[in-house]
Amino acid sequence: MVALENSRVRMAFDSHGRLAQLLDARGVARAPIDERALTEAFIVELRNGAGEVIHVSPQRPPRLDRRQEGQAQTLVCTWELDGPWGALTVRTKVTLPADSPVSEWTVDIDNRTACALWQVAYPRVSGLTAFPPADGPDWLAIPFEMGEKVPEAVAFVNNRVKMIDTWARSEYGAYDVEGKGGDIAFSYPGMWAMQFMAYGHPSTGGLYFAAHDPQALYKRFGFYADATDGEHAAMVLKQYPEDRTAAGGRFRSFYPAVIGVYEGDWWRASDIYRAWALKQRWAQRGPTRRRTDIPAWAKELDLWYWNWQFHNVGHPDKVVPAIAYLKERFGAEVAFHWYGCNGEQFGSGWRTPEEYPDNRDIRETLVRGVRQLHSLGVRCIPYINARLWNPNTASFRQADGMKWIATDEHGRPAHKWGALGYTMCPTAPPFHDLIARVTNQMIDGCEMDGAYLDQISSCYSVPCFHRAHGHGPGGHDHWCRGYREMLEKVQADIKRRAPDNVITSESVIECYLDLLDLDLAREISGLKSKVGCPSALPIPMFHSVYHDYHMTYGTVQTFKQTDMPHFRFAEALCLVGGAQLMVSGFFAGDEAKDKFRPHLDYMEALTRAHVAGRKWLNLGVWKPPAALRCDSVEVAYWPDLPPKTGIPVILNGCFELGGELCIVLVNHTAQAREGTLSLDPKAYGLDGAAFELWSLGPGAKKRLVSDSAGALEWRVALPPASAQVLAIVPRR
Ligand SMILES: [Zn+2]
């Protein structure tokens, strides 16, 4: 064994250059690595002239070279490899800086073959087992969209029950899932919104696995079944050369993979990532509260109205009265996410992304509706698809659109999305021009307040191999760079028209945060697992890193949901997770229908809570939920799947802003509930000799505790299906 060690972490490698031990200095957080089940340190994939992929992995132990470089300890492993395909030198380097909880891993490959370097799987942390039995399961936290935690992930990837149908695979980006049936493996940029995952047990801590890549290059992350015994898994990063088709040459990692340990629950891994992430270019405009490019009205929103997911009714007569009703009844700030505003059936897609209503009657009806909304103080944005281009449009033909679609390595269309059209290469200038034009038209001709640009923030990336697009064949930087160029153009155009205009996109991803005003992150309330694990739970993982840097809104639910325990639990997740709320599937006249009364009553309670905690919920730093002792329930969510178990009857979310902490509580059950909240303000970073506890709503603002020097303990009692907002402020 060769060890690298500092004040925070100890790691040891076997003679094959494989990570065999990883633990924190106190020995509390220990990666569960079974040294007897270790597999390859790396797998290089070569692609020969005939298009065949050849897997090359270590043939013999490497030369190990442990060094001290300044304050850092390093381990360089060198392998000489050869075969019928030629010869390779693979040199890996692990660097452990002083006092850092994480190490940096890079690889350097001298390719003396006639093959192209197609893919490099490095690092591979293999031999992973379940954590030792303790109170509750271990979890893999993954940044799939907003985030999900998968219990007993090693068992899951080895014994998966498939439950994602073809449509969902496409819609939710599982399209690019790879490996064997159960593997949890996705591309970034894509459905993975950030470049890390955390495998741990909440009672101890776990393994932090990341790429710290400022360019957001195309890569893949995965948690794979490994060692073929059904009992082990490997965490793997897959990285790529700039040109995946060029024979020979040299590859050096463009960024380090980062591996280390964290103590505590999954959000402690987020702390490590956040320390790196906030230094990247997408965070350089600062936190939302300081960004002058995001209009004040967006920072003050409580609720969005969405007319999709139930009926595709976009006519102003059906939606404007419903929005007016919600705004007045809830006493909240509301905006409108408008599908099918142009008189067409949303989803037919025959003109994608052309949204502008060329018919004058439709346009004038729409403008009247927009003006009514503006008179109510409601902003509205139309749906525009900013990824797909339908070949049956004049704009596609005039721009010679086939030259700009994403193509695979054989020169064929890489991806067509049903009837909506081709996935365009994000670097395509004519497509940038088109999206800017359509967005501008909706502002200039329809008086909209910007646009929703669907499928940009989170949709699986499609590596493009087109040689005339000005990017490396196989992707490299094309996804992030291309969309950034498009969004920069759109952003400049809309803000020039009026600083109050906004652009938003679907789901979340970090690498465009400076170019968008908000994002539709509705999956924060989605109980159906995106990786197919019935007992997985949605977590606000993205918010745990970026909440104060990016606002999100939305829900996957509609008023069509008649299972009220499911509805209430899911909407509670939106509020305590720190999203702006949403009402969907509710139209003019529905306010008089008895069947919607429970939905309206509950959404009013949550929305009024959002109003009371608005500044924290929109602008605050996400903090871990407070310890709250209360009963638990099961929540059924799908007819043929087991219920979610162990769900606290009172959920809470905590947000810090200006040295004050807001705690949002929701009783999502149909009974009155009580619980005991315990929280040490100083452990949450608040500064003061003593603290006051306030109730901000419902009802008048009221001081509950006037002078508490240490940890606060407070008995909470919530009526059925209700919310309460508390604040802890330093005593002045
Ligand atoms: Zn391309």
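Values in this document were obtained by computation on a predicted structure and should not be read as measured data. (Residues numbered from 1 in each chain as written. Predicted model: local features only at pLDDT ≥ 70, side-chain atom pairs only at ≥ 80, totals over all residues.)

## Description of helix H8 (residues 429-444)
Relative to the 22 Å expected for 16 residues at 1.5 Å per residue, H8 spans 22 Å between its end C-alpha atoms, a close match to the ideal helical length. When H8 is considered as a whole, its buried residues turn out to be Phe-431, His-432, Leu-434, Ile-435, Val-438, Thr-439 and Met-442. Down the axis of H8, the buried set is contained in an arc of 165°. They therefore lie on one face. Tucked inside the fold, the buried residues of H8 contact strand S21 (379-385), strand S22 (388-389), helix H7 (394-398), strand S25 (450-454) and helix H9 (478-497). (Helix = DSSP H or I, 4+ residues; strand = E, 2+ residues; numbered from the N terminus. Expected span 1.5 Å × (residues − 1). Buried ≥ 20, exposed ≤ 12 C-beta atoms within 10 Å, placed from the backbone. Arc of directions from axis to C-beta. Contact = placed C-beta atoms within 7 Å.)

## What about the domain arrangement of the protein?
Entries for the protein in the domain assignment read domain 1 (2-277) and domain 2 (627-730). Put simply, the middle of domain 1 and the middle of domain 2, counted by C-alpha atoms, are 37 Å apart. (Domains from an automatic or database assignment.)

## Observations regarding helix H6 (residues 360-375)
Taking 1.5 Å per residue, 16 residues should reach 22 Å; H6 reaches 22 Å between its end C-alpha atoms and fits that length. Every buried residue of H6 is listed here: Leu-366, Gly-369, Val-370 and Leu-373. The arc that holds every buried residue of H6, seen down its axis, measures 100°, which confines them to one face. Those residues of H6 that are exposed and angled more than 90 degrees off the buried face are Arg-360, Asp-361, Glu-364 and Ser-375. In this structure, the buried side of H6 is in contact with helix H5 (316-330), strand S20 (334-338) and S21. One or two residues past the end of H6 sits Gly-377, with phi positive at roughly 80°.

## Thoughts on the packing of H5 against H6
Here H5 crosses H6 at 0°, and the two axes come no closer than 10 Å. What the angle tells us is that H5 and H6 run roughly parallel. Side by side, H5 and H6 meet where Pro-316, Val-320 and Ile-323 of the first sit next to Thr-365, Leu-366, Arg-368, Gly-369, Gln-372 and Leu-373 of the second. (Axes fitted to C-alpha atoms, helices over the stretch in contact; angles between N-to-C directions. Parallel < 35°, antiparallel > 145°, perpendicular 65-115°, else oblique.)

## Some words on the packing of helix H11 (residues 564-577) against helix H12 (residues 597-612)
Between H11 and H12, the shortest axis-to-axis distance is 11 Å and the interhelical angle comes to 15°. Overall, the two elements H11 and H12 adopt an arrangement that is roughly parallel. The handedness of the crossing between H11 and H12 comes out as right-handed. Facing Met-564, Phe-567, Arg-568, Glu-571 and Leu-575 of H11, the residues of H12 in contact are Pro-598, His-599, Tyr-602, Met-603, Leu-606, Ala-609 and His-610. Here the residues of the contact of H11 with H12 sort into eight nonpolar, two polar and two charged. (Left-handed = near helix turned anticlockwise from the far one by under 90°. Nonpolar A, V, L, I, M, F, W, Y, C, P; charged D, E, K, R; others polar.)

## Section: the environment of Ala-711
For Ala-711, the position within the fold is in the loop between strand S39 (702-708) and strand S40 (712-718). As a C-alpha pair, Ala-711 and Ser-678 span 33 residues in sequence and 7.0 Å in three-dimensional space. Ala-711 has contacts with Ser-678, Leu-679 and Asp-680, leaving out every residue within four places of it along the chain.

## Observations concerning the environment of Gly-697
Within the secondary structure layout, Gly-697 lies in strand S38 (residues 691-697). Residue classification places Gly-697 among the buried residues on the basis of 20 C-beta atoms within 10 Å. The sequence separation of Gly-697 and Pro-413 amounts to 284 residues, and the corresponding C-alpha distance is 55 Å. Not counting residues within four places of it along the chain, the set of residues in contact with Gly-697 comprises Arg-608, Ala-609, Ala-612 and Val-725.

## Considering the nonpolar core
Counting 226 residues, the largest nonpolar core has Tyr-208 and Val-664 as its most contacted members. In terms of residue count, strand S9 (residues 102-128) provides more of this core than any other element does, 13 residues in total. Both domains that furnish three or more residues to this core are identified here as domain 1 (2-277) and domain 2 (627-730). Leave out the neighbours within four places in its chain, and Tyr-208 touches Val-102, Phe-196, Ala-198, Ile-259, Gly-260, Val-261, Tyr-262, Ala-269 and Ile-272. (Core = buried A, V, L, I, M, F, W, Y, C linked by C-beta atoms within 7 Å.)

## Focus on the environment of Phe-251
Summarising the element assignment, Phe-251 is placed in strand S17 (residues 247-252). For the pair Phe-251 and Pro-241, spaced ten residues apart in sequence, the C-alpha separation works out to 6.1 Å. Setting aside residues no more than four positions away along its own chain, Phe-251 makes contact with Ile-109, Asn-111, Leu-117, Val-120 and Pro-241.

## Structural notes on the sheet that holds strand S1 (residues 2-5)
Sheet architecture is open: three strands sit in the order S1-S2-S3, paired in antiparallel fashion. The open sheet terminates on both sides in strands that have one partner only, identified here as S1 and strand S3 (19-24). Strand-to-strand twist of the sheet, defined as the mean angle between neighbouring strand axes without regard to direction, takes the value 15°. As judged from the five bridges shared by strand S2 (residues 9-13) and S3, these two strands associate in the antiparallel manner. Counterpart to Arg-10 in the pairing with S3 is Leu-23. (Pairing = 2+ DSSP bridges.)

## Considering the confidence of the model for the protein
Mean pLDDT for the protein: 94, with 96% of residues reaching 70 or above. Here residues 169-174 is modelled with pLDDT under 50, and outside its nearest four sequence neighbours on either side it reaches twelve contacts, counting other chains as well. (pLDDT = per-residue confidence, 0-100.)

## Considerations on unusual backbone geometry
The phi torsion of most residues other than glycine is negative, and most of the peptide bonds are trans. Of note, the amide linkage connecting Tyr-122 to Pro-123 takes the cis form, showing an omega dihedral of 0°. Note on placement: Pro-123 falls in strand S9. Residue Pro-189 is reached from Tyr-188 by a cis peptide bond, and omega for that bond is -5°. Relative to the assigned elements, Pro-189 resides in the loop between strand S12 (184-188) and strand S13 (196-201). Despite not being glycine, Glu-447 shows a phi value in the positive range, around 65°. Positive phi is not limited to glycine here, since Gln-455 has a value of about 75°. Secondary-structure assignment places Gln-455 in the loop between S25 and H9.

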